[in-house]
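Letter by letter, the chains look like this.
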Amino acid sequence: DTAVSQTPKYLVTQMGNDKSIKCEQNLGHDTMYWYKQDSKKFLKIMFSYNNKELIINETVPNRFSPKSPDKAHLNLHINSLELGDSAVYFCASSQDPNYGYTFGSGTRLTVV
Amino acid sequence: AQSVTQPDIHITVSEGASLELRCNYSYGATPYLFWYVQSPGQGLQLLLKYFSGDTLVQGIKGFEAEFKRSQSSFNLRKPSVHWSDAAEYFCAVGARGGGNKLTFGTGTQLKVEL
């Protein structure tokens, strides 16, 4: 069983479209995250939820909206996609900072 | 706020040679420190972590890292590199509290020559 699963793995879409990426974890962790990895491989946190409550919201355009229906799911909705949104988006979860994160395999978003 | 510096963008080593990847961190207290590896097209896998205790930590795949508070460093080492170790390596620092946020370095790409 995959611990942190993201769908879709690849997403190609046109500018201006709205898209969603889904993330689910079966580890029983309380905290989930979205990270963005740009073309230079730099990883930057976007959001973090703890038990469905938003606890980290970095400087991210408000076109990005996370939704956590329960503590096992954290989805990312992006409105009015722009070329600069092209990146790999990683979902992760953790229970205890001592143990780090468990990452999903990523969603490669390409905006054309 | 915490930060991480990985001074080496690319490193090339011969198979069988030893490896050291550098990581320096900035944080006001004792941090949580991690090394992750990312193979092409894959997610990040945790290699090892430090949060307290013994400053030399052992990880998976034969990797180890040493926490040196005086140098604010957490360098990753492996005595003999295998071709399958070619990947991107990320050092990360976590703040105690603050939502368990990890801040990553910019990564070091390791190439292994056969």
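As the structure is a computational prediction, the values presented were derived from the model and not from experiment. (Residues numbered from 1 in each chain as written. Chains lettered and ligands numbered in written order. Predicted model: local features only at pLDDT ≥ 70, side-chain atom pairs only at ≥ 80, totals over all residues. Heavy atoms only, no water.)

Here's the deal with the environment of V4(A)
All names here are of chain A. The condition is simple: Runs of H or I in DSSP of at least four residues are treated as helices and runs of E of at least two as strands, each being numbered from the N terminus. Categorising residues by exposure relies on relative accessible area from a 1.4 Å probe, with only protein chains included: less than 20% of the type maximum marks a residue as buried, more than 50% marks it as exposed, and the intermediate range marks it as partly exposed. Note on contacts: a residue pair is in contact if any heavy atoms of the two residues lie within 4.5 Å.
Along the polypeptide, V4 turns up in strand β1 (residues 4-7). For V4, a relative accessible area of 5% corresponds to the buried category. Distance in space between the C-alpha atoms of V4 and S20 is 17 Å, their sequence separation being 16 residues. With residues near it in sequence (within four places) discarded, V4 still touches C23, E24, Q25, L27, C91, S93, T102, F103 and G104.

Here's the deal with the packing of aromatic side chains
Defined as follows: Here a Phe, Tyr or Trp ring, Trp counted by its six-membered ring, pairs with any other such ring whose centre lies within 6.5 Å, and the pair is stacked when the planes are under 30 degrees apart, edge-to-face when over 60, and tilted otherwise.
The final tally for this structure, using the stated rule, is 17 aromatic pairs over all chains. For the pair F103(A) and Y36(B), a centre-to-centre distance of 5.5 Å together with 85° between the ring planes defines the contact as edge-to-face. Of the two residues, F103(A) is situated in strand β10 (residues 102-103) and Y36(B) in strand β5 (residues 32-38); the pairing between them involves two chains. The two residues F103(A) and Y36(B) agree in class, both being buried. The rings of Y33(A), Y35(A), F90(A), Y101(A), F103(A), F34(B), Y36(B), F90(B) and F104(B) are connected pair by pair, giving a single aromatic cluster.

Let's talk about the layout of surface pockets
The gaps of empty space that remain are located by a probe, the size of a water molecule, rolled over the atoms. The line we're drawing: Put plainly, a pocket is an open set of points on a 1 Å grid over the protein atoms alone with protein on both sides within 12 Å along at least five of seven lines, a cavity is a set where a 1.4 Å probe fits but cannot get out, and a lining residue has an atom within 4 Å of a point. Grid points are joined across faces, edges and corners, and a volume is the space filled by probe spheres set on the points. Just so you know the grouping, Ala, Val, Leu, Ile, Met, Phe, Trp, Tyr, Cys and Pro go in nonpolar, Asp, Glu, Lys and Arg go in charged, and all remaining residues, Gly too, go in polar.
One number sums up the size of the largest pocket: a volume of about 310 Å³. If you go around the largest pocket, you meet 22 residues; those closest to its centre are Q37(A), V88(A), R108(A), Q38(B) and G41(B). For the lining of the largest pocket, the secondary structure elements donating two or more residues are β9 (87-94) and β11 (107-111) of chain A. Ranked by the residues each element gives to the lining of the largest pocket, the list is headed by β11(A), at four residues. When its residues are assigned to classes, the lining of the largest pocket shows six nonpolar, eleven polar and five charged. If you add up the space inside the second largest pocket, you get close to 160 Å³.

Some remarks on the interface of chain A and chain B
The line we're drawing: For any pair of parts, buried area is found by adding up, for both, the accessible area (1.4 Å probe) each one loses once the two are put together. Here a polar contact means two N or O atoms within 3.5 Å. Within protein one must be a hydrogen donor candidate and the other an acceptor candidate, and residues neighboring in sequence count only if both atoms are side-chain atoms.
Chain A puts 25 residues into the contact, and the matching count from chain B is 21 residues. Of the roughly 1,800 Å² buried between chain A and chain B on both sides combined, carbon and sulfur atoms contribute 58%. Counting the contacts that link chain A with chain B gives five residue pairs in polar contact (both at pLDDT 80 or more). Elements supplying a minimum of two residues to the side of chain A that touches chain B: β4 (31-37), β5 (43-50), β6 (53-57) and β9 of chain A. Broken down by element, the side of chain A that touches chain B gets its largest block of residues, four residues, from β4(A). Classifying every residue of the side of chain A that touches chain B by side-chain character gives twelve nonpolar, nine polar and four charged.

Without other data, these values stay purely geometric and don't point to any function.
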